Every structure is written in structure tokens, then in C-alpha cells.
Amino acid sequence: MMRELFIWGAGEIGKRILNHLSNNWEITFVDSNQHLVGALCQGRKVISIEEYLHRYADKFILIAHLHEIVSLEILQKNDISNYFTHCNLPGEFKEPIIRKTLKEFVINTLGSRKDYVLYGLGIYSIIIDEWLYTQFGVHPYILKQGNISQELVYRILQQYDGLQIVDNIQQVNNIKEICICLDNYSEIKEGNVFSGYNLTDIFDCTDKITSYHNPEIDKFHNIHKGQRCFIVATGPSLRMEDLDLLKYHKEICISMNSIYYAFDKTDWYPDYYVVSDYREFNEFKKILDTLPMREKFLPDNTDMFWNEKHRDNIYRYHQHYEYCFNKLPKFSENFSKKSYAGNTVTYTCLQLAVYMGFEEIYLLGVDFTYGNANDGKYGHFHKEEKLVAVCYVEQVKAAYKSAKQYTNQHGIKIYNATRGGKLEIFPRVDFDTLFVD
């Protein structure tokens, strides 16, 4: 069952994906950074993209970084179609911690029975095939999706032994269940593509994995139905007098990350506090228990913090990693079960605000200026730093577009009350006009 794969990206995403692959996978990293070429990454050799194109172009390569479009252009220019992208893998493969929760769920759900097929031929269904063969000694049937070329199917069969691929469901007898291995379960369900069969989403299983859920968060559902709130970010435009005004008018506020740097300059505190990035989580963890917010929501993507006991006003939520370069990320409808990562904590705050029932949401201090090196200084209200560029810009923009789309469909208004900045996705309002004495 030895399976070969080249992973393009010896950075965080590539390393995280590697952690979920068994020793049956022969992995070579590919990277454009010449300082990494020739070294080892997680014990695997790193080669240049030029070497891959020259010597291994017939082997499958997985794009595992956030510049997918550039890589796709290079591969297509060289007539290479045998590639996967990290977007073809569920969020668990890209989490900063290693857990086998998804694998255990899939194995327990499917077991050794044979009354189902996996829908969607790709890197994920190939990995599931290995899981099930290792556990039960059987290869599941994989129903190929309609938009995959026959040439690619042929290449996959050449390189990955044992796969049982079928062109249509009528080729398999006694099938009762279709297990979706692609990130389009909602589209398939709404389109009634497989009428007469039970559908199971095994790509985004968050709703079904109870260990991810936190029923303590249930009490916040619609707690502020019909009210307005302010999501206070930490951009350089944030003013302390604006925070004082929020306190004076008793506005409900959700804030984030390093906002505590404002607490020695104002008497204002947010009602709710959110962290989403595990790196900042680790930076703040020593003071999180003592911060004077009423309620705090922290992600489950680091073990170090949650291995210790904390105060009752700290709530653990599940963050589902979903990096998309060709579509909008999902927007959570149940924060007690999951929040989708949009590469910005503001997106997490928006999902929490909607879950709490707010119908008017005002953004303050969301400058969104970090994507352009020509914008001069960028940083936070408490510090300035010169940045060249941030590679998450397009992903963050997609997250804001997703939030706008979801809230428009549900009669919820999001306004940008930030003083200046570059965020134009939401309608602008003048912060000073929002208050009436």
C-alpha cells in the first residue's frame, strides 16, 4: 500500500498535512524557497519546483500553501494535471494541533459494512481508502465526480493501487448511503442529486462529532435578539475616546486579541472577548483568566491552554479550518458546534454576533490596510510596524464577502464604522452619527 506524493509547500500547511499521513506514504516536499531546497523537512527531502518539473512531473503533487493560483499557473503551463490542492482536504488536516478525531469518526461511521460508496475521487478519498483497508482489509467503492477527467482517473489508478472506482452508482449493488468526500455537500443535497439514498457528509463532519461541541455556549443563542452591537478591532484608527463613547451609551461590544492594551487608557471593557489565532492565543494565555471581560471565547486549536483549569467565564469553541482560494468560506449557523476560520478573528466575531441574535453589527477599528506595502505604516492602535504584504489578504476579503452574503440572506445588517481604512465590502457609516443623547 506504499503511496507516493509530492507536497508543494514545506511550511505550516504542508507540515500539518504530513502529520495526518501514515508511514505508507512516501513524501517529498517541494518548495520555491531556495534556502529550504536540499534540506530536510520533518525528515523528508525538500526539492525545488524545477527539479520536480524536470524529474517527477508524472507524479502527483499536492499544493499545500496559500498561493495556490500561482502554483496552478505553473503546473498548467507545464501541462501537468496530476495535482491536488489542500482545499481538497478537510479542515482537520490543517489544524495546528494533531488529533485523530476525523479519522476515528470516519472509521466508526463506515466500519466494515459495504452498503455505501464514497463520492468524490481525490486525495481525501484516497486517504480514506487507506484508513479502511488498514483497519478492515477492504477497499471501498469510490464514485467519481462528473467533472473529473478520464485522464486524471487513469493517472490516479496508475499510481494508487487497490482503488475501486466506479463511473455511476448503478455499477454497485445494494447501496444505501452516499458519503460525500468533497466540499460541496450542501450543493449536492439541495440539488437532490442522489435521491433515494442517504447522504452523509464526511468532509465537514463538525456537526456530527460531539467532542467538538460545547453545550455551555447554547445559552448565548439569540441572547441579544434584535439588538445592535459593535465589533471592536485593534486597527491603528481605533481611538480611546470612541471606546469611552461606547461605554457611555452602554453599547454591547465584542472585541479581540490585543485589545487589552487599551485598558490603561480607558474605562471601557468589551462585553465579549474572542481569540481565534492559536499563535496569539499562546501569546496571551498567561493573562486570559484575569482579563476583565464578562465572557471570553477561545478556540480549541491548542492543547497547552486547555490542559489547565480556567475560570467559568471562558468558553471553548471549535474552530474549523477552511482555506479557500476559489470560493467563499462557509459561515457558521451554530457557534456552539463550530466557527469557520476566515483568516481573521473579525470573521469569528461576526459568526458569534449572528449566533447571539444581533441584527445590526457595526465594525470599528477594522482598517484592512495590511495588504499593500505602499500604504505606509500598518500595525495596531498600540503599535506601528512596516509590513511588506500579508498573504492572507484575499482569504480575508473572501471571508468578509461570505459574512455579507450570509447576513443579507438573513436580514442582518453589517456596517463599517471604522475611521478610514481600506474595507469597502460593507456599507460605511459615520461613527459619530450613531449616538443620540
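Further up the page is the structure itself.
Residues numbered from 1 in each chain as written. Predicted model: local features only at pLDDT ≥ 70, side-chain atom pairs only at ≥ 80, totals over all residues. Heavy atoms only, no water.

Participant: Account for the nonpolar core, with residues named and values stated.
Facilitator: If you look at the biggest cluster of nonpolar residues, it comprises 52 residues, and the most contacted ones within it are Leu-5, Tyr-124, Ile-156 and Ile-202. Only strand S1 (3-8), helix H1 (12-18), strand S2 (25-30), helix H4 (101-110), strand S7 (116-119), helix H5 (123-136) and helix H6 (150-159) provide two or more residues apiece to this core. Tallying contributions element by element places H5 first for this core, with seven residues. When neighbours within four sequence positions are excluded, Ile-156 is seen to be in contact with Phe-60, Phe-84, Leu-121, Ile-126, Ile-148 and Leu-163. Counting 41 residues, the second-largest nonpolar core is a separate cluster that includes Ile-231, Leu-363, Phe-368 and Tyr-400. (Core = buried A, V, L, I, M, F, W, Y, C linked by side-chain atoms within 4.5 Å. Buried < 20%, exposed > 50% of the residue type's maximum accessible area, 1.4 Å probe, protein only. Helix = DSSP H or I, 4+ residues; strand = E, 2+ residues; numbered from the N terminus. Contact = heavy atoms within 4.5 Å.)

Participant: Tell me about the environment of Val-166, residues and numbers included.
Facilitator: With respect to the helices, strands and loops of the structure, Val-166 is situated in strand S9 (residues 164-166). For the pair formed by Val-166 and Phe-203, sequence separation is 37 residues and the distance between their alpha carbons is 20 Å. Not counting residues up to four positions away in its chain, the partners in contact with Val-166 are Tyr-141, Ile-142, Leu-143, Lys-144, Gln-171 and Val-172.

Participant: Can you break down the packing of aromatic side chains residue by residue, with the values?
Facilitator: Applying the stated criterion across every chain yields a total of 28 aromatic pairs. Here Phe-6 and Tyr-56 contribute two aromatic rings whose centre-to-centre distance is 4.9 Å and whose plane-to-plane angle is 35°, an arrangement assigned as tilted. In this pair, Phe-6 sits in strand S1 while Tyr-56 sits in the loop between helix H2 (49-55) and strand S5 (61-63), placing the two residues 50 residues apart along the sequence. Residue Phe-6 is classed as buried on the basis of its relative accessible area of 1%. (Phe/Tyr/Trp six-rings, centres within 6.5 Å; stacked < 30°, edge-to-face > 60°.)

Participant: Outline H4, listing residues and values.
Facilitator: Looking only at H4, the buried set comprises Thr-101, Leu-102, Phe-105, Val-106, Ile-107 and Leu-110. Those residues of H4 hidden inside the fold are in contact with S7, H5 and strand S10 (177-180).

Participant: Account for the sheet that holds strand S8 (residues 141-143), with residues named and values stated.
Facilitator: Two orientations exist for strands paired in a sheet by backbone hydrogen bonds: parallel and antiparallel. In space, the five strands of this open sheet follow the order S9-S8-S7-S10-S11, with parallel pairing throughout. The outermost strands of the open sheet, each flanked by one partner alone, are S9 and strand S11 (198-201). Strand-to-strand twist of the sheet, defined as the mean angle between neighbouring strand axes without regard to direction, takes the value 30°. Both S7 and S8 contribute to a ladder of two bridges, which runs parallel. Among the inter-strand pairings, Leu-118 is bridged to a residue of S8, identified as Ile-142. (Pairing = 2+ DSSP bridges. Axes fitted to C-alpha atoms, helices over the stretch in contact; angles between N-to-C directions.)

Participant: Report on the sheet that holds strand S14 (residues 272-274), specifying residues and quantitative values.
Facilitator: Across the sheet, seven strands lie side by side as S16-S15-S14-S13-S12-S19-S22; this open sheet has parallel pairing. Edge strands, defined here as strands with exactly one partner in the open sheet, are strand S16 (314-317) and strand S22 (413-416). Averaged over all pairs of adjacent strands, the angle between strand axes in this sheet comes to 20°, irrespective of strand direction. The pairing of strand S13 (residues 253-256) with S14 spans three bridges and is parallel. Considered in S14, the bridge of Ile-254 is made with Tyr-272.

Participant: Give a detailed account of the side chain of Gln-145, specifying residues and quantitative values.
Facilitator: Mapped onto the secondary structure, Gln-145 falls in the loop between S8 and H6. Residue Gln-145 is classed as buried on the basis of its relative accessible area of 9%. Apart from residues lying up to four places away in sequence, Gln-145 is in contact with Tyr-119, Gly-120, Leu-121 and Leu-182.

Participant: Quick rundown of the packing of H4 against H5? Include the residues and the values.
Facilitator: Where H4 meets H5, the closest approach of the two axes is 11 Å, and the angle between their N-to-C directions is 65°. Regarding H4 and H5, the two cross each other, and that crossing is right-handed. The segment H4 lies against H5, with Leu-102, Lys-103, Val-106, Ile-107 and Leu-110 engaging Tyr-124, Ile-128, Trp-131, Leu-132, Gln-135 and Phe-136. Within the contact of H4 with H5, the residues separate by chemical class into nine nonpolar, one polar and one charged. (Left-handed = near helix turned anticlockwise from the far one by under 90°. Nonpolar A, V, L, I, M, F, W, Y, C, P; charged D, E, K, R; others polar.)

Participant: Outline unusual backbone geometry, listing residues and values.
Facilitator: A positive phi is found at Asp-79, a non-glycine position, where the angle reads about 60°. Residues other than glycine seldom take positive phi values, yet Asn-222 does so here, at roughly 60°. With respect to the helices, strands and loops of the structure, Asn-222 is situated in the loop between S11 and strand S12 (228-232).

Participant: Explain the environment of Leu-72 residue by residue, including any values.
Facilitator: Position of Leu-72 relative to the elements: it lies in helix H3 (residues 68-77). Separated by 50 residues in sequence, Leu-72 and Ser-22 place their C-alpha atoms 26 Å apart. Ignoring anything within four residues of it in the chain, the contact list for Leu-72 reads Ile-63, Tyr-83, Thr-85 and Phe-325.

Participant: Residues and numbers for the pattern of salt bridges, please.
Facilitator: Close approach of charged atoms allows side chains with opposite charge to pair. Counted under the stated rule, the structure contains 24 salt bridges. Across the pair Glu-4 and Lys-59 runs a salt bridge whose closest N-O atoms are separated by 3.5 Å. Of this pair, Glu-4 sits in strand S1 while Lys-59 sits in the loop between H2 and S5, and the two are 55 residues apart along the sequence. Judged by its relative accessible area of 25%, Lys-59 is partly exposed. Where Arg-294 meets Asp-271, a salt bridge forms, and the shortest distance between an N and an O atom there is 3.8 Å. Here Asp-271 lies in the loop between S13 and S14 and Arg-294 lies in the loop between helix H9 (278-284) and strand S15 (295-299), a separation of 23 residues in the sequence. Taking the relative accessible area as the measure of exposure, Asp-271 reaches 19% and is therefore buried. (Salt bridge = Lys/Arg side-chain N within 4 Å of Asp/Glu carboxyl O.)

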